[in-house]
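Chains, contacts and geometry: an overview
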Amino acid sequence: VLNELRDLLPDPLRTHWQRVFRATPDVQELSLAAFTMFYQDNGFFSLGNSTVGEIEAQVLRMATSLFSPAVDSCATSTSGGSESIFSALHAAREWAREAKPEADYPNIVVPYSAHPTFTKMPHYLGIEERRVPMSSDMRVDLGAVEEAIDRNTIALVGSAPSWWFSQFDPIPELGVLAERHNLWLHVDACVGGYLSPFFERLGEPIPPWDFRVPQVKSISADLHKYGYGPKPYSTVIWRSSDLLRFHFVHPESGPAGAYKMMGFTGSRPAGPVYAMWAIMRHLGYEGYLNLARSVRDNRNYLIEEVNSIEGLTVPWQPVLAQVPIAATDISLEAVNGGLKSRGWGVFGMANPPILHVPLDPAATGDTTEAFLSDLREVVAEVKAGQWEATEGLRYG
Ligand SMILES: *Cc1c(COP(=O)(O)O)cnc(C)c1O
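Quick caveat, the model's predicted, so the values are computed rather than measured.

1. As for the overall build of the protein chain
Helix and strand content of the protein chain: eleven helices and 13 strands. Relative to the 2.2 N^0.38 estimate, which gives 21 Å for 396 residues, the radius of gyration of the protein chain is 22 Å and therefore close to what a compact globule would have. Dimensions of the protein chain, computed from the C-alpha atoms along their principal axes, are close to 65 × 55 × 40 Å. The 396 residues of the protein chain split such that 56% are buried. The long-range share in the protein chain, meaning contacts at least 24 apart out of those at least 6 apart in sequence, stands at 74%. Of the accessible surface of the protein chain, which amounts to about 17000 Å², a share of 54% is contributed by carbon and sulfur atoms.

Below, the structure written as structure tokens:
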């Protein structure tokens, strides 16, 4: 059986972009060891008086410290960005039942560039989603946001940054609107949350987005992205602990009596919690800073090299590290097809057509060079008519 599984193992080099986000080998080995040590344990017990609960509390305190927390800001663990966004929107809905009782048919106003989860989760929660256009700078159009707000609006959303464009929505301006209309403001920092603080420290131009913006009530940030933890692990960071009463659902339930879980899930792996603790302790602030520096330098290198390939361009500057690749006068779908036939899996965006390279600290040297060299060859082949535009651009 193990041999059968070995046959399924993908080419580690060319599947790199699909297996993001990873850090350097020392971090990967430590993470695996910690995960394995506790892989039979259950995160189910984390709110009981338990070891996994103590370790989780330490992870969440270290995490919270990165977001310019207020005195009693705090965080909860989730199984990923999707659950983090579900949790924040659920809390916003519960909050609105008190704060906006006139909102009978709650809606939220979401930028065009927001993650598809902001279409999916409102569906589960009985909330209407209003997706509004971006301005030419790929940040949400504030006029369109204000126009979409009505008496049933309960929350505004901004990305910091958006997965698609790696641009930060104008969070302080959204904050002003949230205050004016009495709305919950959620910031989706799933991809950027654990990278932005370090980019800012490196002197990169990071717009204001965290709890320094006083109206921000909740932030979603994925530890399994630039926290470099194993999947599944993400966090919601709450401005203050009294918001948790809108998060927790803990009924007295049938034979169980009291039942209180960290979030949506019951049984869940404890491995990611221990692995995350190990990674944070091992890297420390300086370690994360050094990894951020290598991501930034690699991003700048990749942008320069892609721009030097005739037929391709990096159409905008990512604020963080998701490098967009567009075609100038060849078919990008054909380029994607050529890359796929060589074993590469690259994230795509349908509208506008973009190939997306999310850089992580493990993508140094070999990976980047192999990608660039295959990319150059594929572009030459596309120009020679070898690839048809058959491979659509897809996110998942
Ligand atoms: C990844 C991501 C999500 C969703 O996270 P999952 O872990 O895939 O559920 C949401 N928003 C943004 C900006 C993301 O990058």
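2. Remarks on the packing of aromatic side chains
Tallied over the full model, the rule gives 18 aromatic pairs. Here Trp17 and Phe371 contribute two aromatic rings whose centre-to-centre distance is 5.3 Å and whose plane-to-plane angle is 90°, an arrangement assigned as edge-to-face. Of this pair, Trp17 sits in the loop between helix H1 (2-8) and helix H2 (25-37) while Phe371 sits in helix H11 (residues 366-383), placing them 354 residues apart in sequence. A residue is classified by how much of its surface remains accessible, and Phe371, at 1% relative accessible area, is buried. Connected via pairs of aromatic rings, a cluster forms that spans Phe21, Trp163, Phe198, Tyr226, Tyr228, Tyr285, Tyr288 and Phe347. Directly above the aromatic system of Phe248 lies the positively charged group of Lys260, at a separation of 4.3 Å from the ring centroid.

3. Looking at the environment of Lys340
Summarising the element assignment, Lys340 is placed in helix H10 (residues 332-341). Look at Lys340 and you get partly exposed, because its relative accessible area is 49%.

4. Section: the site of the ligand
The local shell around the ligand consists of Gly80, Gly81, Ser82, Ile85, His115, Trp163, Asp188, Cys190, Val191, Asp222, His224 and Lys225. Gly81 is positioned such that a nitrogen or oxygen atom in its backbone is 2.9 Å from an oxygen atom of the ligand. The separation between an oxygen atom of the ligand and a polar side-chain atom of Lys225 is 2.8 Å. Summarising the interface, the protein chains cover 87% of the accessible area of the ligand, which totals 380 Å² for the free molecule. It is helix H4 (residues 81-99) that contributes the most residues to the shell around the ligand, three residues altogether. Its residues assigned to classes, the shell around the ligand shows four nonpolar, five polar and three charged.

Calculation criteria
Residues numbered from 1 in each chain as written. Predicted model: local features only at pLDDT ≥ 70, side-chain atom pairs only at ≥ 80, totals over all residues. Heavy atoms only, no water. Helix = DSSP H or I, 4+ residues; strand = E, 2+ residues; numbered from the N terminus. Rg over C-alpha atoms; globule rule 2.2 N^0.38 Å. Buried < 20%, exposed > 50% of the residue type's maximum accessible area, 1.4 Å probe, protein only. Contact = heavy atoms within 4.5 Å. Areas by Shrake-Rupley, 256 points an atom, 1.4 Å probe, with all protein chains shown as cover. Phe/Tyr/Trp six-rings, centres within 6.5 Å; stacked < 30°, edge-to-face > 60°. Lys NZ or Arg CZ within 6 Å of the ring centre and 35° of its normal. Near = heavy atom within 4 Å. Polar contact = N/O pair within 3.5 Å; in protein donor to acceptor, adjacent residues only side chain to side chain. Nonpolar A, V, L, I, M, F, W, Y, C, P; charged D, E, K, R; others polar.

Everything listed here is a matter of geometry and, on its own, says nothing about what the molecule does.
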